[in-house]
Amino acid sequence: MGNGVTFLTIYVCIRGPTCFLVEGLLWDSAISEDDGAPAPCPAWMSAGLARGGFPQTPKAPREGRKSYSPVKRRRKARRLSVAYEASEGEEGAGAECLQTPSWQPQDWRQQLDNIRTMRSGKDAPVDQLGAEHCFDPSASPKVQRYQVLLSLMLSSQTKDQVTAGAMQRLRARGLTVDSILQTDDSTLGTLIYPVGFWRSKVKYIKQTTAILQQRYGGDIPASVAELVALPGVGPKMAHLAMAVAWGTVSGIAVDTHVHRIANRLRWTKEATRSPEETRRALEEWLPRELWREINGLLVGFGQQTCLPVRPRCQACLNRALCPAARGL
């Protein structure tokens with residue numbers, strides 16, 4: 001009100017001319033004609049703010065009546081703090097960075113660096129036989145993505161060497177959506193044996209392949225939610241499929257190796273009982289730029305050093321930093 005300025009209850013004026021309240025002073029954004037500087041608000045407007053109420057235009061009292069000034073309660077000013085994640089490529093000038101997690105494991109960066117050093121040779125089974133190496137590089141991108149998903153479905157509860165052997169036999173017959181749908185269950189079982197739970201996997205592979213043909217034109221879904229809805233596809237497979245087939249980091253892929261090592265190193269605030277629980281615990285504090293690396297790094301470490309039974313703690317660079325090793 002007054003001078004074309006509209007006031008809201010928090011003393012923020014929108015639209016022009018705009019008012020700003022800074023360090024208790026109020027300016028009108030209208031530019032004076034004399035020197036081009038912001039013109040201060042009238043004294044009666046500042047006085048109204050000082051009393052804690054809206055600026056009021058003084059009114060002349062009616063003749064024969066006393067004038068009364070409305071009593072306004074003083075409002076406490078509240079300071080708002082907004083944090084946001086800067087978009088890619090944004091420098092973030094004047095932006096407040098997101099706060100770091102309230103909890104992080106002790107010595108985790110040193111432990112991670114030590115694991116990188118121990119894994120520098122890239123000679124674990126996962127490095128040559130993982131999902132990144134089981135598809136046909138000469139096939140079309142759509143067929144490659146299908147083969148990646150199939151290798152992940154076969155890999156559950158199965159060693160990488162066995163999964164790679166099954167994939168080689170399938171690829172020798174032409175591993176596509178159409179070829180799998182034309183293969184009878186008995187033949188398919190013979191080709192993938194001896195992967196773990198091979199009978200169930202025959203059923204899941206046929207069901208999932210049929211869904212891919214009917215709903216996705218022979219391709220695989222491009223989201224975790226759609227992938228885990230497929231028969232025989234769990235969260236770990238979905239996140240790995242997103243990373244390998246689509247090149248998108250959607251989450252941390254946690255298998256039995258990652259689950260075991262994370263608990264031994266106390267990388268979870270509390271002990272976790274399942275890989276999916278471990279995934280959620282890790283994603284709460286582990287920087288996102290490490291999510292893609294962590295699976296292959298820890299899987300190979302679990303295959304070579306941090307074994308499920310009789311871990312090779314004496315050969316581990318983390319033996320002095322690992323709570324589990326200190327307890328042995």
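Everything here concerns the structure above.
This report concerns the structure included in the present document. Not measured: the values here are computed from a predicted model.

Criteria and thresholds
Residues numbered from 1 in each chain as written. Predicted model: local features only at pLDDT ≥ 70, side-chain atom pairs only at ≥ 80, totals over all residues. Heavy atoms only, no water. Helix = DSSP H or I, 4+ residues; strand = E, 2+ residues; numbered from the N terminus. Buried < 20%, exposed > 50% of the residue type's maximum accessible area, 1.4 Å probe, protein only. Contact = heavy atoms within 4.5 Å. Areas by Shrake-Rupley, 256 points an atom, 1.4 Å probe, with all protein chains shown as cover. Core = buried A, V, L, I, M, F, W, Y, C linked by side-chain atoms within 4.5 Å. Expected span 1.5 Å × (residues − 1). Phe/Tyr/Trp six-rings, centres within 6.5 Å; stacked < 30°, edge-to-face > 60°.

The next thing to look at is the overall build of the protein chain. Regarding its fold elements, the protein chain presents 14 helices and 3 strands. The buried share of the protein chain, reckoned over its 328 residues, is 39%. Partitioning the intrachain contacts of the protein chain with sequence separation of at least 6 by distance along the chain shows that 55% fall at a separation of at least 24. As displayed, the protein chain offers around 20,400 Å² of accessible surface, 51% of which is attributable to carbon and sulfur atoms.

Grouped together as the largest cluster of nonpolar side chains are 34 residues, with contacts concentrated most on Leu149, Leu150, Leu154, Leu170, Ile180, Ile192 and Leu227. Mapped onto this core, the elements with two or more residues apiece are helix 4 (141–155), helix 5 (160–172), helix 6 (177–181), helix 7 (185–192), helix 8 (198–216) and helix 10 (235–245). For this core, the element with the most residues is helix 4, which contributes 7 residues. Contacts of isoleucine 192, omitting those with residues within four sequence positions, involve Leu154, Ala166, Arg169, Leu170, Trp198, Lys201 and Val202. Counting 27 residues, the second largest nonpolar core, distinct from the first, contains Ile115, Val258, Phe301 and Cys306.

The subject of this paragraph is helix 4. For helix 4, with 15 residues, the first-to-last C-alpha span of 21 Å sits near the 21 Å given by 1.5 Å per residue. Of all 15 residues in helix 4, 12 are buried, a share of seventy percent or more. Burial in helix 4 covers these residues: Gln144, Arg145, Tyr146, Gln147, Val148, Leu149, Leu150, Ser151, Leu152, Met153, Leu154 and Ser155. Of the surrounding secondary structure, the elements contacted by the buried residues of helix 4 are helix 5, helix 6, helix 7, helix 8, helix 9 (224–228) and helix 10. Just beyond helix 4, the residue with positive phi is glutamine 157, at close to 55°.

Let us now look at the environment of proline 141. For proline 141, the position within the fold is in helix 4. For proline 141, a relative accessible area of 52% translates into the label exposed. C-alpha separation for the pair proline 141 and tryptophan 246, spaced 105 residues apart in sequence, amounts to 9.7 Å.

Below, the discussion takes up the packing of aromatic side chains. Scanning the model with the defined rule gives 4 aromatic pairs in all. Ring centres of tyrosine 193 and tryptophan 198 lie 5.6 Å apart, and the angle between their planes is 85°; on these two criteria the pair is classed as edge-to-face. In this structure tyrosine 193 comes out as partly exposed when scored by relative accessible area, which is 49%. Each ring, one from tryptophan 267 and one from tryptophan 285, has its centre 5.9 Å from the other, and the planes form 85°; the classification is edge-to-face. In this pair, tryptophan 267 sits in the loop between helix 11 (256–264) and helix 12 (275–283) while tryptophan 285 sits in the loop between helix 12 and helix 13 (291–304), placing the two residues 18 residues apart along the sequence. Both residues of the pair, tryptophan 267 and tryptophan 285, count as buried.

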